[in-house]
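What follows is each chain in one-letter form.
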Amino acid sequence: MVRISRVMLKNAGHAIDKTLSEILVCPLSKQPLRVCEMPKALVSDTIGVSFPIKDGIPCLVPKDGKILEEVGDASKAS
Amino acid sequence: MALRLISRRFGSRILSYRSSSVASLHSHATSFGFQEVKEEDKSKLVGNVFTNVASSYDIMNDVMSGGLHRLWKERLVGKLSPFAGMKHLDVAGGTGDVAFRIFDAVNSVKHRALRKVDEESLEETQIYVCDINPNMLNVGKQRAAERGLRDNKSLVWVEGDAEALSFDDHSMDGYTIAFGIRNVTHIEKALSEAYRVLKRGGRFLCLELSHVDIPVFKDVYDLYSFKVIPNLGELIAGDRDSYQYLVESVRRFPPQEKFATMIADAGFEKVEYENLVGGVVAIHSAIKL
C-alpha cells in the first residue's frame, strides 16, 4: 500500500503533465500544447509562445506567455 | 412556419444586440466599481483587488454573507447535478469552494450507491479550477492539501483568463462561474468562451450578486453594502478599498433580465435565473444545445 502510494506520488507529476497537455490548448490559438520539461512550460508551437508552469499550476493567461525568440530557442526549450 | 419563427427570432436578436447591448457592455468594460477606468487597466485593477484579499477571501465571505454563501454554492452545485466521469470547468473559482463541493458530490458514498458508479468513472472525473489570479489559486491548492487532496488527479488548477480559455472546444460537461463574472472586463467574451468549451448538452451556471427590487429590503441592502461591508473589509482584511470596489461592482453589473439576454446572445438555450434572498444573489442557468 505504501509502496503503491509512493509510486503514485512520483508519477503524479508526470501524469498531471500528460493530462494537462491532453486537455489544455493555447488560449490564443486554441491549438494543442506541447509539454516542455526543462524549464517547466507548455509550448504553443503554432504561435511560438511558451506558458510557464509555476508550482504545478500552468499559467495560461495570454499576457503571461513568453514569445520564443527564434527556431533555435524552440529546439533548446525542448 | 418553423423557418419563419426562427428567422424572426434571429432578426429580433440582432436588432436588440445592436441597439442596447453595445452601450452597456462598453460601460461595464470601463467601470471599476463606480470609477471610470481605461478598458486595458480594468483587468490589472481587479487583479490587485484579489491579490490583496486572497488570504482572507473565505473568511470575509462568511462574515459578509452571514455564512449564506455556503448555501448559495450548495444550491449552485445541486443545480449542476454532477456525475462521476464528468469534465467540469469552474472559472474564477480560485479558492476552490465550488470545485470542492462538486468533488464531494461526485465522490460521496450516497451518490455512488444511488447511481451505481464504478471506480473507473470516478477516476475519470476532472474538475478544472481556472482563475486569473495565482494568489487565489494558491489558497485553493492549500485548501486542497489540507483536505488530503493535494495529489488527487481529479482536481486540476490552471491559471487562465475567462475571456481566453485554454480549453478545447466541446470539451466540458459543465461550466460554473461563482462570484466571478462581474470582475471580468468583457462579459460577452467570457460568455462566448463558456459556450465554446461546453459540449452539446453542457450546462452553464452562473452564481452572482445581483439586483434587489423589493422596496424596503432594497434600502436595507444598500445600507448594508455601502456602510457595513467596507468597514468589515477594513477590520478583517485590512483593506477597505477592495471591498468598496466589490460592492460598487455589484451595482454596475447588469440586472438579472439583461444578463439573461446576454447569455442567450452567446448562443445558449433555456436561459433561466433564480433569485435568492430577494435578488441579492441570482443563479443564471443555461444549456448549450
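Here is what the cut-offs are and how they apply
- Residues numbered from 1 in each chain as written.
- Chains lettered and ligands numbered in written order.
- Predicted model: local features only at pLDDT ≥ 70, side-chain atom pairs only at ≥ 80, totals over all residues.
- Heavy atoms only, no water.
- UniProt positions renumbered as here; feature names shortened; annotations may be inferred.
- Contact = heavy atoms within 4.5 Å.
- Buried area = accessible area lost by both parts, 1.4 Å probe.
- Salt bridge = Lys/Arg side-chain N within 4 Å of Asp/Glu carboxyl O.
- Helix = DSSP H or I, 4+ residues; strand = E, 2+ residues; numbered from the N terminus.
- Nonpolar A, V, L, I, M, F, W, Y, C, P; charged D, E, K, R; others polar.
- Pairing = 2+ DSSP bridges.

Looking at an unreviewed UniProt entry, one finds chain B named 2-methoxy-6-polyprenyl-1,4-benzoquinol methylase, mitochondrial, with Eruca vesicaria subsp. sativa as its source organism. Turning to chain B, the UniProt record has this under Subunit (unreviewed entry): "Component of a multi-subunit COQ enzyme complex, composed of at least COQ3, COQ4, COQ5, COQ6, COQ7 and COQ9. Interacts with PYURF; the interaction is direct, stabilizes COQ5 protein and associates PYURF with COQ enzyme complex." What the UniProt record of chain B gives under Subcellular location (unreviewed entry) is the line "Mitochondrion inner membrane".

In the nomenclature of an unreviewed UniProt entry, chain A corresponds to Protein preY, mitochondrial from the organism Eruca vesicaria subsp. sativa. Database annotation for chain A, UniProt heading Sequence similarities (unreviewed entry): "Belongs to the PREY family."

(A) Spotlight on the interface of chain A and chain B. With 18 residues of chain A at the contact, the number on the chain B side is 24 residues. Carbon and sulfur atoms supply 65% of the area buried between chain A and chain B, which totals about 1,700 Å² over both sides. Contact with chain B buries area across many residues of chain A, yet Ile23, Lys30 and Ile57 of chain A alone supply 33% of it, more than any other trio. Taken together, the connections running from chain A to chain B amount to one salt bridge. Of the charged contacts, one joins Lys30 of chain A and Glu193 of chain B as a salt bridge, the two residues approaching to 2.9 Å between their closest N and O atoms. Secondary-structure elements contributing two or more residues to the side of chain A that touches chain B are helix H1 (2-23) and strand E4 (57-60) of chain A. With five residues, the single largest contributor to the side of chain A that touches chain B is H1 of chain A. Broken down by class, the residue content of the side of chain A that touches chain B amounts to 13 nonpolar, two polar and three charged. For E4 of chain A and strand E5 (residues 155-160) of chain B, the ladder comprises two bridges, and the chain directions are parallel. Directly across from Cys59 of chain A, in E5 of chain B, lies its bridge partner Glu159 of chain B.

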